[in-house]
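# Summary of the model geometry
Each chain is listed here by its residues.
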Amino acid sequence: MITHLQDTVTLSNGVKIPGFGLGVYKVEDGDTVIHAVSSALKNGYRHIDTATIYDNEKGVGQAVKESGVPREEIFITSKVWNDDQGYESTLKAFEETLEKLDTEYLDLYLIHWPVSGKYKDTYRALEKLYEEGKVRAIGVSNFHVHHLEDLMNDCTITPMIDQVEFHPHLTQSDLRKFCQENNIQFEAWSPLKKGRLFEDPTLMEIAETHGKTVAQVMLRWDIQHDVVTIPKSIREKRIVENADVFDFTLSEEEMKRIDEMNRDERTGSNPDTF
Ligand code: NAD
């Protein structure tokens, strides 16, 4: 379990990913994303999660450059979008991503969604990029167990990460177990359920016990489950608040109470029907 903001988790290939990062989904490119990423880096974050479809890789790259933090100390993830899937088109999309981020390499490149009939070719492109040293780790996002099994039947390099929706209303226990058994790091998107659980009585009660906010309790629950987490905020105050989760511990009983909130309820699409 990570014990401070810059602590890392070691992936199956030995690469270390900071267990806590900033997500920038739907953050406008330009000043807004630059401000968010700069605030995060200034306050100790070392992991930024973007994607081609977020259309803000340029601003992320600029904020990284201007931060004064050496590039090799920052972990940058991006994802190949559905329209770009396929072998050649993924290689091309990757080059565009590097160009926008204004960087020589990516730390992690993910297949954003399991586009049927295409994700195996897309993944072959990721394996090539990995072998060429252009990306330090590769993986997938929004893959169910059956997608992972199907991919793993054919690929050479087992995905190092599966990034999926995860919060107290969607606890993904079967997928987490599968990932653990196969040395695939589980990573949470929408760890705050996009802000929709802040009035939940169980979470409010636990938060009050610890003198913390509901957001902090939700993120602490990720950490204690060894789940890499990437909450989004564009406000410095919340960026700081979200990372202030290393000075308290949820008891076993509190962890269990949160686990039991599961409803298999998604805010995003189901990967089988997106
Ligand atoms: P989230 O669960 O992180 O919630 C973010 C929202 O919660 C913010 O917009 C803000 O309104 C609110 N918030 C954040 N901190 C708060 C605080 N301390 N107090 C009060 N409100 C607060 O939602 P998300 O952005 O959907 O997910 C996080 C990241 O995961 C994304 O930014 C993106 O990087 C990634 N993501 C990936 C996928 C994928 O398909 N791989 C899909 C969605 C998101």
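Residues numbered from 1 in each chain as written. Predicted model: local features only at pLDDT ≥ 70, side-chain atom pairs only at ≥ 80, totals over all residues. Heavy atoms only, no water.

Filter applied, for reference: UniProt positions are given in the numbering used here, feature names are shortened, and annotations may be inferred rather than shown by experiment.
Under an unreviewed UniProt entry, the name given to the protein is Aldo/keto reductase, and the organism recorded is Allobacillus salarius. Within the UniProt record for the protein, the comment given under Sequence similarities (unreviewed entry) is "Belongs to the aldo/keto reductase family."

## Considerations on the UniProt feature "domain: NADP-dependent oxidoreductase" (unreviewed entry) in the protein
Using the following cut-off: Put simply, DSSP marks the helices as runs of H or I at least four residues long and the strands as runs of E at least two long, and each gets a number from the N terminus on.
Under the UniProt annotation, the feature "domain: NADP-dependent oxidoreductase" (unreviewed entry) is placed at residues 29-262. For residues 29-262, helix accounts for 46% and strand for 15%, while the C-alpha atoms at its two ends are 34 Å apart.

## As for the nonpolar core
Selection criterion: We call a set of buried Ala, Val, Leu, Ile, Met, Phe, Trp, Tyr and Cys residues a nonpolar core when their side-chain atoms join them within 4.5 Å. Burial classification: accessible surface area is computed with a 1.4 Å probe over protein chains only, and a residue below 20% of its type maximum counts as buried, one above 50% as exposed, and the rest as partly exposed.
Core analysis: the largest hydrophobic core is formed by 84 residues, its most contacted members being Phe20, Leu22, Val37, Tyr109 and Tyr123. Broken down by element, the residue count for this core peaks at 7 residues, all from helix H8 (residues 214-224).

## Thoughts on the site of the ligand
Put simply, the rule is: Throughout, near means a residue has at least one heavy atom within 4 Å of the molecule or strand. Think of a polar contact as two N or O atoms within 3.5 Å of one another; within protein, one of them needs to be a possible hydrogen donor and the other a possible acceptor, and neighboring residues in sequence only count if both atoms come from side chains. Only the protein chains shown count as covering a residue, and every accessible area follows the Shrake-Rupley method with a 1.4 Å probe. The distinction between a cavity and a pocket rests on a 1 Å grid over the protein atoms alone: a 1.4 Å probe fits inside a cavity but cannot get out, while a pocket stays open yet meets protein on both sides within 12 Å along at least five of seven lines, and a residue with an atom within 4 Å of a point counts as lining. Cavity and pocket membership follows a simple rule, namely that a molecule belongs there if more than half of its atoms are within 2 Å of the grid points. Each residue is assigned to one class: nonpolar for Ala, Val, Leu, Ile, Met, Phe, Trp, Tyr, Cys and Pro, charged for Asp, Glu, Lys and Arg, and polar for all the others, Gly among them.
Near the ligand lie 26 residues; those nearest to it are Asp49, Ser141, Ser190, Leu192 and Asn242. Contact distances for the ligand include 3.2 Å between an oxygen atom and a backbone N or O atom of Val24. One nitrogen or oxygen atom from the side chain of His112 is found 3.2 Å from an oxygen atom belonging to the ligand. Out of a free accessible area of 830 Å², the ligand has 88% covered by protein chains. Judged by the fraction of its atoms near the pocket grid, the ligand is located in the largest pocket. Ranked by residue count, the leading element in the shell around the ligand is helix H9 (residues 236-243), at 3 residues. Classifying every residue of the shell around the ligand gives 11 nonpolar, 8 polar and 7 charged.

## Quick look at the pairing of strand S8 (residues 161-165)
Under the convention used in this document: One requirement defines pairing of two strands: DSSP has to find at least two bridges between them. The handedness rule is simple: strands pointing away from the viewer, and a clockwise path from the first strand over the helix to the second, make the crossover right-handed.
Judged by how many residues are buried, S8 sits mostly within the fold: 5 of 5 residues are covered. As defined by bridge partners, strand S7 (residues 135-141) adjoins S8 across 2 bridges and the pair is classed as parallel. In the sheet register, Ser141 faces S8, and the bridge partner there is Gln163. Crossover S7 to S8 through helix H5 (residues 145-154) is right-handed. In this sheet, strand S9 (residues 185-189) lies alongside S8 in parallel orientation, the contact comprising 5 bridges. Within the sheet, the bridge partner assigned to Val164 lies in S9 and is Ala188. On the question of chirality, the crossover connecting S8 to the parallel S9 by way of helix H6 (residues 173-181) is right-handed.

## Concerning the layout of surface pockets
In this approach, a probe sized like a water molecule rolls over the atoms, and the result shows the empty space that is left. Rule in force here: Grid points are joined across faces, edges and corners, and a volume is the space filled by probe spheres set on the points.
For the largest pocket, the calculated volume is near 800 Å³. Around the largest pocket sit 33 residues that line it, and Tyr25, Ser190, Pro191, Lys194 and Lys232 are the ones nearest its centre. Every element with two or more residues in the lining of the largest pocket is listed here: H8 and H9. Top contributing element to the lining of the largest pocket by residue count: H9, with 3 residues. Within this model, the second largest pocket holds a volume of roughly 400 Å³. Lining the second largest pocket are 20 residues; nearest its centre among them are Arg176, Gln180, Phe186, His225 and Asp226. Broken down by secondary-structure element, the contributors of at least two residues to the lining of the second largest pocket are strand S1 (8-10), H6 and S9. Looking at the lining of the second largest pocket element by element, the count peaks at 5 residues for H6. Of the residues assigned to the lining of the second largest pocket, the class counts are 9 nonpolar, 8 polar and 3 charged.

## Focus on the environment of Ser141
Formally: Only heavy atoms matter for contacts: two residues are in contact if any of them lie within 4.5 Å across the pair.
With respect to the helices and strands, Ser141 occurs in strand S7. With 61 residues separating them in the primary sequence, Ser141 and Val80 have C-alpha atoms 10.0 Å apart. Those residues in contact with Ser141, other than ones at most four positions away along the chain, are Leu110, Ile111, His112, Trp113, Pro114, Asp162, Gln163 and Trp189. A distance of 2.8 Å separates the side chain of Ser141 from the backbone oxygen of Gln163, its partner in a polar contact.

## A word on the sheet that holds strand S10 (residues 228-229)
Read across the sheet, 8 strands follow the order S3-S4-S5-S6-S7-S8-S9-S10 without closing on themselves; strand pairing throughout is parallel. In this open sheet, the two edge strands, each paired with only one partner strand, are strand S3 (22-23) and S10. As judged from the 5 bridges shared by strand S6 (residues 106-111) and S7, these two strands associate in the parallel manner. Pairing of Leu106 across the sheet is with Val135, part of S7.

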